[in-house]
Amino acid sequence: MKKFLLDLVLFILFFLIIFKVADFYSQKHECKSLNEIKFAELFDPSIKADIAIFGSSKLKRALDPKILEEDNISVYNFGIEAASPEYTYNWYTNFFREYYPKPRLVILDINWSMFTEFSFRKIEQDSRFYPLSEFINLTIHSSNWKESLLKRTALLNRAKDCNELTELTYNGYTPYPKTEKPKVLSYPELSDNFDTQLEFLKKLIHKIKEDNAEVVLLIMPELLREEIKKEDVFDKNMKALLRNLEKEKVLILDYQNLIEADTMFYDLEHLNMEGAKMVSQKLKDDLLRLTYIYN
Amino acid sequence: MKFNSIDFALFLPLVFLLYWFATNRKLKVQNLLLVVASYVFYGWWDWRFLLLMAFSTIVDYSVGIGLSNSSSPSKRKALLWVSIFANLSLLGFFKYYNFFLESFTGAFSFFGASIQANTLEIVLPVGISFYTFQTLSYSIDVYKRKLEPTKDFIAFAGFVCFFPQLVAGPIERAKDLLPQFIKKRTFSYQHATDGLRQMLWGFFKKMVIADNCGEYVNHIFANYSEMNGSTLAAGAFLFSIQVYGDFSGYSDIAIGSARLFGFKLKQNFAFPYFSRNIDEMWNRWHISLTNWFRDYLYFPLGGSRGSTWVRVRNTFIIFIVSGLWHGANWTFISWGFLHAILLLLVFFIGQKQRYEGVVAQDSFFPSVKEFFLMGRTFLVWMLVTIFFRAESMSQALGYFKGLFSTTLFQKPQLEGGMEFKILLLLIIFCFSLEWIGRKTQHALESFALNWPRVIRWAFYAALVIISMIFVGQEQQFIYFQF
């Protein structure tokens with residue numbers, strides 16, 4: 001037994017050395033993922049955006065800050081995959097408010113999949129991008145501390161998202177390329193967390209308004225499959241959502257049916273670079289027309 | 001508690017230290033620790049279902065005692081039926097109630113009659129199919145006087161709930177596992193280090209191979225109607241790899257963990273994808289279940305003795321029951337049915353030769369013939385496995401329709417978390433090591449053992465780091481649902 005325990009301890013020490021070398025090497029040579037760059041901007045702002053884009057990958061892949069910005073208006077796209085209102089609320093209150101200069105306008109997406117398992121992102125899963133103090137704080141106080149700890153310390157998934165950066169990447173935005181036809185996506189089960197997510201969305205809007213920023217809600221174009229359109233839950237949820245948001249007195253831009261051509265989509269939910277260009281331009285025109293941001 | 005969790009990473013060393021340092025003087029206390037630890041392990045998922053396991057334990061322990069005190073054949077038979085009834089009732093209610101009800105009402109509506117029946121929202125207790133079979137085997141063996149019943153309740157409870165193999169096997173026989181609870185166990189350096197190696201390999205197969213394949217498979221099966229034939233073929237291939245990595249990985253972790261406590265569990269997977277026909281595959285795949293069905297169902301029914309008809313009937317019975325054991329769905333029954341046909345084809349029109357030893361016994365590479373036979377066997381297995389993965393018969397049939405279409409030769413559309421090229425390299429790496437270790441109990445049993453210690457340890461450390469870097473999105477252990 002003594003020999004076993006001694007060998008085990010020696011192996012663990014040996015492993016830690018190799019692990020540290022691998023960690024060092026991976027940090028030095030790892031391709032930077034777009035999300036890593038976004039979190040760097042969040043915690044150490046250089047753009048200091050007047051218009052901040054929050055929300056899911058639908059926006060990350062579709063709103064081009066280059067089109068939206070002007071000489072006196074900077075824009076940053078903080079959109080991130082699988083962000084639910086709950087995630088964005090936690091992200092906003094925990095980090096954005098603390099570290100980032102207040103923007104003048106926030107663009108936020110609302111979509112049917114925010115009520116589904118597709119919106120699974122948790123702030124703990126990006127723990128390796130946070131300053132040490134935030135990581136410790138999160139790990140101590142979160143019920144999901146194990147994920148926070150593992151994601152920062154265990155090299156998990158370091159090899160993913162390496163090919164995301166392209167020459168078109170700009171201020172948090174990177175478009176999807178053009179494909180022969182839109183890729184097929186798995187559709188999630190519609191879940192019943194509508195009320196929870198709606199509450200978080202409302203709380204988020206209130207917080208942003210408290211911070212004296214204007215809020216614009218965006219419903220992005222997508223190629224919905226017939227079976228999803230027919231889903232009662234989908235229809236009911238979207239209608240209930242819009243009804244609820246009427247009381248919030250925020251500008252809602254509905255681009256759901258703005259683009260229907262397959263050639264503009266990367267997959268059933270996301271626009272490709274052509275679609276992104278079109279929707280970004282349309283958004284800019286509408287913001288010019290309906291808000292004072294560019295004045 | 002899942003094996004691939006921080007909880008288990010803390011739980012296992014804690015139990016290990018208590019086991020060998022705090023309770024090692026008294027066997028009873030050591031066994032009690034294992035029982036408590038196993039109940040904590042199981043209750044981590046849902047403590048309410050501990051009662052079921054305790055019930056099953058008490059029933060079979062009492063039946064065993066009753067059988068030892070009775071010589072009357074009718075009373076002994078009645079006691080055996082108590083055990084069979086109690087265990088199969090649990091299984092029947094939790095696993096099959098809704099399935100039979102729906103099939104029953106479906107059959108009526110097919111003939112034009114309509115009956116109303118309410119299904120229940122029943123949660124399937126994890127591992128119920130495994131531990132009920134394990135306890136049943138005890139009662140049957142005691143009834144047949146193949147085994148002396150134990151009077152040591154703690155040892156018996158340990159046999160039923162032993163945490164490494166509690167929720168997904170291997171299904172151990174009482175005659176193999178129970179004596180290990182009754183005899184004092186001693187620590188063995190070789191066994192413990194071999195256990196750790198087997199666990200490492202199991203984690204690699206589960207977390208890297210199975211979980212990454214799972215991401216592709218989920219996407220392809222969820223959208224099978226919009227996929228071309230080549231993508232569906234890739235989906236079937238990847239699912240075959242996933243299910244093997246998932247379940248054999250689990251078995252490796254279970255067997256390896258047990259070795260740390262001085263227990264030896266039976267090999268559950270003997271490199272089945274290197275089989276030369278379906279008969280050999282079934283001798284190498286989920287061995288503990290196959291043997292269970294052979295000993296407690298196939299042989300009592302007459303096995304392969306008697307007429308051809310008896311053999312055909314018995315083969316269909318065990319495979320259909322085996323399908324049903326895997327899940328309460330017609331897809332599993334069809335899967336079992338097809339395997340029965342394949343096995344009978346091997347018996348009657350294929351090579352009657354039984355393959356006992358490993359492939360390429362005396363050489364490193366297989367012969368061209370062996371290679372062809374292995375490829376053919378895997379291909380057939382892979383196609384039938386579509387029924388195993390499909391959620392319904394219509395999905396399975398639709399999948400086949402899409403697979404065998406003109407689009408089979410188009411470029412596949414593969415979408416998953418990891419780049420497919422990297423996944424393919426990892427699969428090749430995995431099966432290369434399995435090939436090298438095919439004559440042993442697990443791939444790392446003798447691999448690298450002769451290397452200098454530093455290089456060997458660097459290899460193990462690299463395997464851990466690869467598992468961390470390339471870990472796939474976690475998929476539940478497939479066999480938990482059974």
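In this text, all values refer to a predicted model and were calculated from it rather than measured experimentally.

## Topic: the overall build of chain A
- Scanning chain A from N- to C-terminus turns up 11 helices and five strands.
- Looking at the 295 residues of chain A, the share that counts as buried comes to 55%.
- When the accessible surface of chain A is split by element, carbon and sulfur atoms take 53% of a total near 14,200 Å².

## What about the overall build of chain B?
- A tally of regular secondary structure across chain B gives 18 helices and zero strands.
- Over its C-alpha atoms chain B spans a radius of gyration of 23 Å, differing by no more than 12% from the 23 Å that the globule rule assigns to 482 residues.
- Structurally, chain B occupies a C-alpha span of about 70 × 65 × 45 Å along its principal axes.
- Residue burial in chain B is summarised as follows: out of 482 residues, 59% are buried.
- Carbon and sulfur atoms make up 66% of the accessible area of chain B, which amounts to about 20,700 Å² in all.
- Of the side chains in chain B, 42 bear a positive and 28 a negative charge, and the two mean positions are spaced by 9 Å.

## A short note on the interface of chain A and chain B
- With 32 residues of chain A at the contact, the number on the chain B side is 35 residues.
- Taking both sides of the interface into account, the surface hidden between chain A and chain B amounts to around 2,800 Å²; carbon and sulfur atoms contribute 72%.
- A salt bridge links D7(A) to R453(B); its shortest N-O distance comes to 3.3 Å.
- One can count three residue pairs in polar contact (both at pLDDT 80 or more) joining chain A with chain B.
- When residues in the side of chain A that touches chain B are grouped by element, the largest group, 12 residues, is from helix 1 (residues 2-29) of chain A.
- Split into classes, the residues belonging to the side of chain A that touches chain B amount to 21 nonpolar, three polar and eight charged.

## A short note on the nonpolar core
- Counting 162 residues, the largest nonpolar core has F163(B) and F261(B) as the members making the most contacts within it.
- Once residues within four sequence positions are removed from consideration, F163(B) is found in contact with F8(B), F11(B), L12(B), V15(B), L34(B), A37(B), S38(B), F41(B) and F261(B).
- With 44 residues, the next largest nonpolar core counts F54(A), Y89(A), V106(A) and L138(A) among its residues.

## A look at the environment of F78(A)
All names here are of chain A.
- As for its placement among the helices and strands, F78 is situated in the loop between strand 2 (75-77) and helix 5 (85-99).
- Separated by 62 residues in the primary sequence, F78 and L16 place their C-alpha atoms 35 Å from one another.
- Leave out the neighbours within four places in its chain, and F78 touches K38, E41, L42, A52, I53, F54, W91, F96 and Y100.

## Some remarks on a nonpolar patch on the surface
All names here are of chain A.
- On the surface, L6, V9, L10, I12, L13 and L16 cluster together to form a nonpolar patch covering roughly 540 Å² of accessible area.
- Along the chain, L10 turns up in helix 1.
- Its relative accessible area of 38% is what places L10 among the partly exposed residues.

## Topic: the pairing of strand 3 (residues 105-109) of chain A
Residues and elements named next belong to chain A.
- Counting buried positions along strand 3 yields five of five residues, so the element is predominantly enclosed.
- Here strand 3 shows two buried faces, one formed by L105, I107 and D109 and the other by V106 and L108.
- Sheet analysis places strand 3 next to strand 4 (residues 214-219), joined by five bridges and oriented parallel. Of the residues in strand 4, the one forming a bridge with V106 is V215.

## As for the pattern of salt bridges
- All told, the structure shown has 28 salt bridges over all chains when counted by the stated rule.
- Between E280(B) and R276(B) there is a salt bridge, and its shortest N-O distance comes to 2.9 Å. The residues E280(B) and R276(B) share a single accessibility class, namely buried.
- Beyond isolated ion pairs, a larger network of salt bridges with shared partners links K3(A), D7(A) and R453(B).

## What about the packing of aromatic side chains?
- All told, the structure shown has 93 aromatic pairs over all chains when counted by the stated rule.
- We note K203(A) situated over the ring of Y89(A); from NZ or CZ to the ring centre the distance is 4.9 Å.
- The ring of W435(B) has R438(B) lying over it, and the distance from NZ or CZ to the ring centre is 3.9 Å.

## Description of the state of the cysteines
- For the structure on display, the rule yields zero disulfides over all chains.
- The closest cysteine sulfur to the non-disulfide-bonded C430(B) is located on C213(B), 9.2 Å from its own sulfur.

## Focus on the packing of helix 12 (residues 287-298) of chain B against helix 13 (residues 308-326) of chain B
Residues and elements named next belong to chain B.
- Across the interface, helix 12 lies against helix 13 with an axial gap of 11 Å and an inter-helix angle of 130 degrees. As judged from the angle between their axes, helix 12 and helix 13 are oblique. The interaxial crossing formed by helix 12 with helix 13 has right-handed handedness. Residues L289, F293, L297 and Y298 of helix 12 form the contact with helix 13, whose participating residues are R311, N314, T315, I317, I318, V321, S322, W325 and H326.

## What about the environment of A222(B)?
- Its location among the elements puts A222(B) in helix 9 (residues 189-222).
- Remark: the alpha-carbon pair of A222(B) and Q395(B), spanning 173 residues in sequence, is separated by 9.3 Å.

## Thoughts on the sheet that holds strand 5 (residues 251-254) of chain A
Residues and elements named next belong to chain A.
- What the five strands build is an open sheet, ordered 2-1-3-4-5; its pairing is parallel. Both outer strands of the open sheet, strand 2 and strand 5, are each paired with one neighbouring strand and no more. Each strand axis lies, on average, 20 degrees off the axis of its neighbour in the sheet, ignoring direction.
- Across four bridges, the pairing between strand 4 and strand 5 is parallel. Paired with L218 across the two strands is L253, which belongs to strand 5.

## Some thoughts on the confidence of the model for chain B
- On average, residues of chain B carry a pLDDT of 88, and 91% of them reach 70 or more.
- Scored by ipTM, the complex comes to 0.80, with pTM at 0.81.

About the cut-offs
- Residues numbered from 1 in each chain as written.
- Chains lettered and ligands numbered in written order.
- Predicted model: local features only at pLDDT ≥ 70, side-chain atom pairs only at ≥ 80, totals over all residues.
- Heavy atoms only, no water.
- Helix = DSSP H or I, 4+ residues; strand = E, 2+ residues; numbered from the N terminus.
- Buried < 20%, exposed > 50% of the residue type's maximum accessible area, 1.4 Å probe, protein only.
- Areas by Shrake-Rupley, 256 points an atom, 1.4 Å probe, with all protein chains shown as cover.
- Rg over C-alpha atoms; globule rule 2.2 N^0.38 Å.
- Lys, Arg positive; Asp, Glu negative; His and termini not counted.
- Charge placed at Lys NZ, Arg CZ, Asp CG, Glu CD.
- Contact = heavy atoms within 4.5 Å.
- Buried area = accessible area lost by both parts, 1.4 Å probe.
- Salt bridge = Lys/Arg side-chain N within 4 Å of Asp/Glu carboxyl O.
- Polar contact = N/O pair within 3.5 Å; in protein donor to acceptor, adjacent residues only side chain to side chain.
- Nonpolar A, V, L, I, M, F, W, Y, C, P; charged D, E, K, R; others polar.
- Core = buried A, V, L, I, M, F, W, Y, C linked by side-chain atoms within 4.5 Å.
- Patch = residues over 30% accessible without salt bridge, like charges linked within 9 Å, V, L, I, M, F, W, Y side chains within 5 Å.
- Pairing = 2+ DSSP bridges.
- Phe/Tyr/Trp six-rings, centres within 6.5 Å; stacked < 30°, edge-to-face > 60°.
- Lys NZ or Arg CZ within 6 Å of the ring centre and 35° of its normal.
- Disulfide = S-S within 2.5 Å.
- Axes fitted to C-alpha atoms, helices over the stretch in contact; angles between N-to-C directions.
- Parallel < 35°, antiparallel > 145°, perpendicular 65-115°, else oblique.
- Left-handed = near helix turned anticlockwise from the far one by under 90°.
- pLDDT = per-residue confidence, 0-100.

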